Structure formats: structure tokens, C-alpha cells
Amino acid sequence: MIKFSTNTKKQLIDLYKVKNIGLEGNLLKIVDSEEDSEFSQYIKTCIDKDKESRKKRLDITKQIQNKNTELQNLNSENTRILEELKITLDNVESSKKQIEFQNAELLSWKEENERIQLELQEEMKRTESAREEAEHAKSNALSDLDLLQKKTQTELMGNIVKVALGVIMFVAVITTAMYVFSIIMGREVNTIGPAWSNMFGILLTNAFSIVGTIMGVKYANKDKD
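K.L.:
Hey, could you go over the overall build of the protein chain for me, with residue numbers and the actual values?
P.N.:
Assigned secondary structure in the protein chain consists of 3 helices and 0 strands. Here the protein chain holds 225 residues, and 12% of them are scored as buried. For the protein chain, the share of sequence-separated contacts (at least 6 apart) that also reach a separation of at least 24 residues comes to 57%. Accessible surface, the protein chain as shown: approximately 18400 Å² in total, 59% of it carbon and sulfur.

As C-alpha cells, then:
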């Protein structure tokens, strides 16, 4: 046991009263205070104060430990959140790149589509021009064909008229020659005369009928056109 002198005891008691500073720790367990009641009360007060201080320090230590645990948990949570945020940012960056790539593809597709539309418009213009040229060529061909047909019809009609007139003239000449020959030879002309007259009339009538029919058809086709 440790024993203090009277003067030391008095100084310790005065220090506690003035500055509220007393002995602490395990030292209080080995101090001898049985012979001095005032010093015994001091030691008891210091022990109680030490217990209270220890309790406060223990509570503070527990609070600090709890705070440290909370901080560690918060740090872990922050780390997890930061990792998730990093993953999210990576995903966003990847999505951004993918969107930019898709936008580039869409822009390229748009440009290609516009080019194809322009080519289609040019092709439509060329097709329309070709169609107009074809219609013009068709119109010219039809006009040329119509002219050719009219020319052919005119030539055919002329040939028919010529042949008809030739036949009429030939028959008329032959009939007249036979009639004249009969008169010269002194043969009877009572039969051939009326026959010649009738034949000549029929030939003339048929000839004019043919010519009239051809001319009527020609003018009818002209009016129709």
C-alpha cells in the first residue's frame, strides 16, 4: 500500500477542490487512507469519479466504435454505390456509343434513301421522256401508216379505174369491130346491132357504177377521218 504524507494529502485535497483534479486509475486501489477520514472521503470521491469517468470513456468508446462501424458501413455502401454508379456510367457510355452508331447508320441510310429517291426521280423523268418519245413515234408511225394506206388505196383505186376503163374500152372496141366487120361483109346486123347497143350500154353503165362506187367510198373514208 502507498502512504502519503499529511502535506501531500492536503495538497491533493486542495487540488481537487480548486481545479477538480483528483487521482485516477489503479493508483486509487493501492493508496492507504484508513488513518485519515478526510483523505478517505477524498479517495472515495476520486474512486467514484474515476468510475464515472471510466463509464463515460467506455460510453464514448462504444459510441466511437458504433460511429466507426456506421462509417465503415457507410463507406462500404458508398463503395457499392460508387461501383454501381461506375457500372451505370459505363452502361450509359456504351448506350451513348451505340446510339451514336445507330444515328450514324440512320444518317447513312437517310442519305442513301435520298440518293435512291433522286435516282428514281431521274429515272421517272427519263421514263416519262421515253414514253412521250414513244407516243410521238407511235403517232408518227400511225400517221405514216395512214398516209401509206391512203396512198395505197389511192393507187389501188387508180389501178381499178384504169383496168375497168381498159376492159370497157377493149370490149367496146371488140364489139364495134365485129359490128363494123358484119356491115362491111354484108352480113345481117339485125341481131348484132341491138346486141352491140345493149352490150355497150351495159358496159358503160357498169363502168360508171364502178367509178361512182369507188369515188363514194373514197369520199366516205375522207369524211370519216
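Next comes the rest of the account.
K.L.:
Quick rundown of the pattern of salt bridges? Include the residues and the values.
P.N.:
The tally for this structure, following the rule as stated, stands at 9 salt bridges. In this structure, the salt-bridge partner of E52 is K56, at a minimum N-O distance of 3.6 Å. Here K56 and E52 lie together in helix α2 (residues 37-184), a separation of 4 residues that amounts to about one turn. On the basis of relative accessible area, K56 is assigned to the partly exposed category, the value being 48%. In this structure, R131 engages E128 in a salt bridge whose closest nitrogen and oxygen atoms are separated by 2.3 Å. Of this pair, R131 and E128 both sit in helix α2, 3 residues apart, which is roughly one turn of the helix. Since its relative accessible area comes to 38%, R131 is described here as partly exposed. One connected set of salt bridges, linked through shared partners, spans E77, R80 and E84.

K.L.:
Can you explain helix α1 (residues 6-19)? Please cite residues and give values.
P.N.:
With 14 residues, α1 should reach 20 Å at 1.5 Å per residue; the first-to-last C-alpha distance of 20 Å fits that figure. The positive-phi residue at the C-terminal boundary of α1 is N20, with phi of around 60°.

K.L.:
Describe a nonpolar patch on the surface, and please don't skip the residues or the numbers.
P.N.:
Among the surface-exposed residues, V180, F181, I184 and M185 lie close enough to one another that they form a single nonpolar patch of about 400 Å² accessible area. As for its placement among the helices and strands, M185 is situated in the loop between α2 and α3 (192-224). Relative accessible area serves as the criterion here: at 45%, M185 is assigned to the partly exposed category.

K.L.:
Got a sec to walk through the nonpolar core? Specific residues and values, please.
P.N.:
Looking at soluble globular proteins, one finds that nonpolar side chains tend to be buried together. L12, I13, V31, F39, Y42, I43 and C46 form the largest nonpolar core, which has 7 residues in total. Broken down by element, the residue count for this core peaks at 4 residues, all from α2.

About the cut-offs
- Residues numbered from 1 in each chain as written.
- Predicted model: local features only at pLDDT ≥ 70, side-chain atom pairs only at ≥ 80, totals over all residues.
- Heavy atoms only, no water.
- Helix = DSSP H or I, 4+ residues; strand = E, 2+ residues; numbered from the N terminus.
- Buried < 20%, exposed > 50% of the residue type's maximum accessible area, 1.4 Å probe, protein only.
- Contact = heavy atoms within 4.5 Å.
- Areas by Shrake-Rupley, 256 points an atom, 1.4 Å probe, with all protein chains shown as cover.
- Salt bridge = Lys/Arg side-chain N within 4 Å of Asp/Glu carboxyl O.
- Expected span 1.5 Å × (residues − 1).
- Patch = residues over 30% accessible without salt bridge, like charges linked within 9 Å, V, L, I, M, F, W, Y side chains within 5 Å.
- Core = buried A, V, L, I, M, F, W, Y, C linked by side-chain atoms within 4.5 Å.

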